[in-house]
Amino acid sequence: MTSPIQNRKYANEITAANEGERVSIAGWVHEKRDLGGVFFLVVRDIGGFAQVTLIRKKTDKELFERVKRVPRESVVAIEGKVKSEQKAPNGYEIVPERMEVLSEASQVLPLDTTGKVGAELDTRLDARFMDLRTERTKHIFIIRSHVLKAIRDFLDERGFIELNTPKIVSAATEGGTALFPISYFEREAFLNQSPQLYKQMLMASGFDRVYEIAPIFRAEEHDTTKHLNEATSIDIEVAFVDHEYVMTLLEELVAFVYSKVADYPGLAKLNLNLEVPKTPFRRITYDEAIELLSGAGEEIEWGEDFSTSAEHTLGKIIGELYFITDWPCAIKPFYAQPAAGGTCNAFDLMHPRLELSSGSQRVHSYELLEKNIELKGLSADSFEFYLDAFRYGMPPHAGWGLGAERLLMCMLEIGNIREVVLFPRDRRRLVP
RNA sequence: GCCCGGGUGGUGUAGCGGCCUAUCAUUGAGCCCUGUCGAGGCUCGGACUCGGGUUCAAAUCCCGACCUGGGCGCCA
């Protein structure tokens, strides 16, 4: 006797056209409905749901009782015949001959997987393995996979190569954010906040077009719906181009990702209307943004960064994806290329809700870079490993970093960034 | 770090000084029912975060701790 798992089919691989065929399915007991003379068991797998129907009079007594007793969310394998049936959810049902209980689930369950009763995010994250069995959550992560694939397809097609830079780094940072210290043998090291310095060094190596999709770590003690202490960054760097070039690349990439997600059938489970943004995105300068804000009664002094409320106000005024360009040097990192009037060739890609990406044309002159580092109050000495790459032939270059989770949460209209990470790391949560 | 909320069965909630032996839904155990698809009906089980205090009386008011939601700051 062979195990039913061997010839396993997914729920969505079976149709009414398979009438009469003997098939095996395996998955989780999603629901049971006992109508007395007829009993329905809904089995869930990654493909969908399969209804198993047992008619009391026509079913082996022992099998009928076992199916009736199997606890919800247990893992079962069922072998049976496909029956075309109008009254069944997918137009077919399975009349079982055998059932193996591969793993019996304890009761009661920590969450409802059918969507009848909601659960708070904290409860869901505590039992994330089970939360991921729900349709909505499952599809968020399938979409996440599609988004990352779309990004790789887009960049690969344009001659980019994917590289990996270290996540364990020495003290030197770009400044700004706090780092997580770790113990590295007899020395102190840190988890990297961004691949910025390394991807720039690769420009000196002649790779020309690189990207990296990888975790970044920020030790900020913020506790909001849009921050994580471990996030995924999508970073690119391109040689022999300026900021305008990478802005165009960014808006086309984002529009491409939206279009791929819009095509995904499982999007229906998230109950939203996804509009693919039109390119090019609107561009406003930092100065124009200040004017718009002033018109809305929000005064920002030149040289200040935008507050959360200012971001929201701008988002409301503009109402779509947009770029803010020509930022003051003072509020951008040392590697942003200076331009006229105290501004630099840096940009932010904004969603009406929040910032998705920032990038710039980079400083490629060793002398200027060294000066900029000192101007920011950082020590050039600790950047020696980075600065060295600028001394022996560094082409002009530009790039950006895009937050994968932020893109997802905005695109899918999800309120809390934790929802789009499997096992989020935030100020309080280190488990699971 | 600051400012507001909230912690009631497994889950989601109602109650906000005495009518609480705590509501409802769902889940769990069991029973009835031959077409369910959030099935239906009946029976049963299951909870006031913890520690102080106020009061004749506390789930309810006060204080503290812990946990938690949101806004802001920081940051991306």
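Predicted model only: the values in this text are computed from it and were never measured.

(A) Examining the side chain of Glu-73 more closely. As for its position among the elements, Glu-73 is in the loop between helix H1 (61-69) and strand S4 (75-84). Polar side-chain contacts of Glu-73 include one of 2.9 Å to the side chain of Arg-133. Not counting chain neighbours up to four residues away, the residues in contact with Glu-73 comprise Trp-28, Val-29, His-30, Arg-44, Ala-105, Leu-109, Thr-113, Met-130 and Arg-133.

(B) Focus on the packing of helix H4 (residues 135-157) against helix H11 (residues 404-411). It is the contact of H4 with H11, at a shortest axis distance of 11 Å, that shows an interaxial angle of 120 degrees. In terms of orientation, H4 lies oblique with respect to H11. Both H4 and H11 take part in a crossing whose hand is right-handed. Between H4, through Ile-143, Arg-144 and Val-147, and H11, the contact on the second element is made entirely by Glu-405, Leu-407, Leu-408 and Met-411. Looking at the contact of H4 with H11, its residues break down into 5 nonpolar, no polar and 2 charged.

(C) Structural view of the pattern of salt bridges. A full pass over the atoms with the stated rule returns 34 salt bridges. When the shortest N-O distance is used, the salt bridge between Arg-69 and Glu-65 registers 3.3 Å. One end of the pair is Arg-69 and the other is Glu-65, both in helix H1 and 4 residues apart, which spans about a single turn. Judged by relative accessible area, which is 58%, Arg-69 ranks as exposed. Its relative accessible area of 29% is what places Glu-65 among the partly exposed residues. Taking the shortest distance from any N to any O, the salt bridge between Arg-128 and Asp-131 comes out at 2.6 Å. Taken as a pair, Arg-128 and Asp-131 lie in helix H3 (residues 128-131) at a separation of 3 residues, close to a single helical turn. Looking at Arg-128, the relative accessible area reads 1%, which means it is buried. Judged by its relative accessible area of 2%, Asp-131 is buried. Salt bridges sharing common partners tie together Arg-124, Arg-128, Asp-131, Arg-136 and Glu-419.

(D) Just the protein's contact with RNA strand B, in detail. Around RNA strand B sit 48 residues in total, of which Lys-87, His-227, Leu-228, Thr-308 and Glu-355 are the nearest. Here RNA strand B approaches the protein such that, of its atoms within 4 Å, sugar and phosphate make up 60%. Between Asp-34 and RNA strand B, the recorded distance is 2.9 Å, taken from a backbone N or O atom to a base nitrogen. Between a phosphate oxygen of RNA strand B and a main-chain N or O atom of Gly-37, the distance comes to 2.9 Å. In terms of residue count, the dominant contributor to the surface near RNA strand B is strand S1 (residues 22-34) (3 residues). The class makeup of the residues in the surface near RNA strand B is 13 nonpolar, 15 polar and 20 charged.

Reading guide: rules and limits
Every chain is numbered independently, its residues counted from 1 as its sequence is written. Lettering of chains starts at A and numbering of ligands starts at 1, both following the order in which they are written. Reporting in this predicted model follows two pLDDT cut-offs: at least 70 for local features of residues, and 80 or more for side-chain atom pairs to be given and counted; totals over whole chains, interfaces and linings ignore these cut-offs and use all residues. Derived side-chain values reflect all non-hydrogen atoms in the structure, with water molecules and hydrogen atoms excluded from consideration. Secondary structure elements follow DSSP: runs of H or I no shorter than four residues count as helices, runs of E no shorter than two count as strands, and numbering proceeds from the N terminus. For this analysis, a polar contact is any N or O atom pair within 3.5 Å, provided that within protein one partner can donate a hydrogen and the other can accept it, and provided that sequence-adjacent residues contribute only side-chain to side-chain pairs. Contact between two residues is taken to exist if any of their heavy atoms lie within 4.5 Å; hydrogens are not considered. Note on geometry: axes are lines fitted to C-alpha atoms, helical ones only across the stretch in contact, with angles between N-to-C directions running from 0 to 180 degrees. Each angle gets one of four labels, with under 35 degrees taken as roughly parallel, over 145 as roughly antiparallel, 65 to 115 as roughly perpendicular, and the rest as oblique. Handedness of each helix crossing follows the sense of rotation of the near helix against the far helix: counterclockwise by less than a right angle gives left-handed, clockwise gives right-handed. Residues are sorted three ways: Asp, Glu, Lys and Arg are charged, Ala, Val, Leu, Ile, Met, Phe, Trp, Tyr, Cys and Pro are nonpolar, and all the rest, Gly among them, are polar. By definition, a salt bridge exists where a carboxyl oxygen of Asp or Glu is found within 4 Å of a side-chain nitrogen of Lys or Arg. For each residue, the accessible area found with a 1.4 Å probe, counting protein chains only, is set against the maximum for its type, and the residue is called buried under 20%, exposed over 50%, and partly exposed in between. Whether a residue is near a molecule or strand is decided by its heavy atoms; if any one of them lies within 4 Å of it, the residue is near.

All quantities given are derived from atomic positions and should not be read as evidence of function.
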